[in-house]
Amino acid sequence: MLIKLAWRNLWRNKLRTSIMLFAMVFGLIGVASMIGFMNGMYGNMIDNAIAWQTSNIQIHRSEYINEPEINDTIIGSEQIIEQLRDMPDVSAWSARFIADGMVASARSTRGVKINGIDLEAEAKVTPLVSHIIEGEWLSEQGRNPVLVSSKTAERLRLRVGSKVVLTFTDAANDVSGAAFRVRGIFKSPSSSFDDGNVYVRRSDLSALAHIDGVHEIAIVVNEATPSSNIVTQAVKAQLQTKTSKLNTIRDWQQIQPMMATMIKQTGTSTAIILGIFVSAMGLGIVNIMLMSVFERTREFGVLMAVGMQKHKVFLLIMLETSLLGMSGALLGVGICAVLMMLLQTTGISLNSMAEGLGAFGVDTTIYPRMSFGEYQLIFLTVVAASFLAALYPARQILKQRPADAMAEKH
């Protein structure tokens, strides 16, 4: 009975209630859009970092991490690869021979990281194959093919078929190098990655360096996501029990601690944004309910005079506000969910900000996303704020005696 009465009282002034509901819904759409955009941008940044740079897990010689030397190859790399073949949670891996060196054309010279790769394995670990914009993927045919980024090609004025010279320090600390032919030009979402990496066949680079082995094994695991890395940690734990103590096994969070920190702070950012909105909304509800309650002071006085207990009057006011909050929260969350579904299909194009986004390794199309838990948090927070906002108006009316309330004129 009280619920029915509270709902009718809420719509006595249809215009006022509608304006408050509209304000709540409009605010929730803005809050959800901002949270969804942040989630989409951070998620895209981490997905790209894992896909292009860190993978889920990397293995290095311990000394190589702090001071990369070409002689510091992984201990027992062949045995590690055999173990990876027998691990069902590992979907792909790539063993790389890496050298810090220079790439030179007739026009210019740049410092780069020269990645010697196994072609088939690397194609499963990084999306290089699908991001070649000119030319083609490396093959076993031909002498000394090389992949360069579009940024490097632009700065060195290269095109497919151009000749470049790669130089680096070999195992004997002598300068070694050879002429390579550009087989393909790639473009990744990260401008810093493009600026510092070229790819050659591992066999070519190893022969020039006069050393066998690999410096890095990049591992991709099944069903690993930034928010739930249980599989990654399980694979890492298995490898640590079987790998030489001279090697170091790190997951993407250890390789990119700054990004891991950003993920942990996402919840704090969400709470701050939601807190600001809820505070403003709460003040609006207090204002609405104060006007509504004071307009009906005489009515409440009559109800108390004819025998309605004060706690029921209090409950009636609380129900009115709670119903207002629940209605606004349901409408807002429902519209937000539909909007997120639409944006997850179409995305938000940010082509005009391509250069700035490239510095952070973010694609020019962002797909906002929100979890079910975030929708729950928004709904419960709005309802709780509405409930708390009703306490002051309800307390004000209960302070008055029935005779005084009936004598009030508003």
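For the protein chain, an unreviewed UniProt entry supplies the name ABC transporter permease and the organism Photobacterium indicum. Regarding the protein chain, the UniProt comment filed under Sequence similarities (unreviewed entry) reads as follows: "Belongs to the ABC-4 integral membrane protein family. LolC/E subfamily." According to the UniProt record, the Subcellular location (unreviewed entry) comment for the protein chain reads "Cell membrane".

Student: Describe the UniProt feature "transmembrane region" (unreviewed entry) in the protein chain, with residues and values.
Tutor: With numbering matched to this structure, UniProt assigns "transmembrane region" (unreviewed entry) to residues 21–42, 271–294, 314–343 and 375–392. For residues 21–42, the end-to-end C-alpha separation is 31 Å, with 100% helix and 0% strand making up the annotated structure. Span residues 375–392 is 94% helix and 0% strand, its end C-alpha atoms 28 Å apart.

Student: Tell me about helix α1 (residues 2–10), and name the residues and values.
Tutor: What sets the pattern is the α-helix's 3.6 residues per turn: residues three or four places apart point alike. All of the buried residues in α1 are Leu2, Ala6, Asn9 and Leu10. Axial view of α1: buried residues confined to an arc of 100°, hence all on one face. For α1, the exposed residues set more than 90 degrees away from the buried face come down to Lys4 and Arg8.

Student: Describe the domain arrangement of the protein chain, and please don't skip the residues or the numbers.
Tutor: Per the domain assignment, the segments making up the protein chain are domain 1 (1–49 + 260–407) and domain 2 (57–252). Of note, the centres of domain 1 and domain 2, computed from C-alpha atoms alone, are 50 Å apart. Across the contact, 11 residues belong to domain 1 and six residues belong to domain 2. Across the interface of domain 1 and domain 2, roughly 550 Å² is buried in total on both sides, 66% from carbon and sulfur atoms. At the boundary of domain 1 and domain 2, one finds zero salt bridges. Between domain 1 and domain 2 we count zero residue pairs in polar contact (both at pLDDT 80 or more) in total. Elements with a minimum of two residues in the side of domain 1 that touches domain 2: α2 (14–54), α11 (257–295) and α14 (354–359).

Student: I'd like a description of the nonpolar core, backed by residues and values.
Tutor: What tends to happen in soluble globular proteins is that the nonpolar side chains get buried as a cluster. Counting 51 residues, the largest nonpolar core has Met20, Phe277, Met281, Met370, Ile378 and Val382 as the members making the most contacts within it. Looking at this core, the elements that each hand over two or more residues are α1, α2, α11, α13 (310–346) and α15 (372–389). With 13 residues, α2 is the single largest residue contributor to this core. Discounting chain neighbours no more than four positions away, the residues touching Met370 are Ala32, Ile35, Gly36, Asn39, Met340, Gln344, Tyr375 and Ile378. Grouped together as the second largest cluster of nonpolar side chains are 24 residues, Ile70, Val112, Leu166 and Ala178 included.

Analysis parameters
- Residues numbered from 1 in each chain as written.
- Predicted model: local features only at pLDDT ≥ 70, side-chain atom pairs only at ≥ 80, totals over all residues.
- Heavy atoms only, no water.
- UniProt positions renumbered as here; feature names shortened; annotations may be inferred.
- Helix = DSSP H or I, 4+ residues; strand = E, 2+ residues; numbered from the N terminus.
- Buried < 20%, exposed > 50% of the residue type's maximum accessible area, 1.4 Å probe, protein only.
- Arc of directions from axis to C-beta.
- Domains from an automatic or database assignment.
- Contact = heavy atoms within 4.5 Å.
- Buried area = accessible area lost by both parts, 1.4 Å probe.
- Salt bridge = Lys/Arg side-chain N within 4 Å of Asp/Glu carboxyl O.
- Polar contact = N/O pair within 3.5 Å; in protein donor to acceptor, adjacent residues only side chain to side chain.
- Core = buried A, V, L, I, M, F, W, Y, C linked by side-chain atoms within 4.5 Å.

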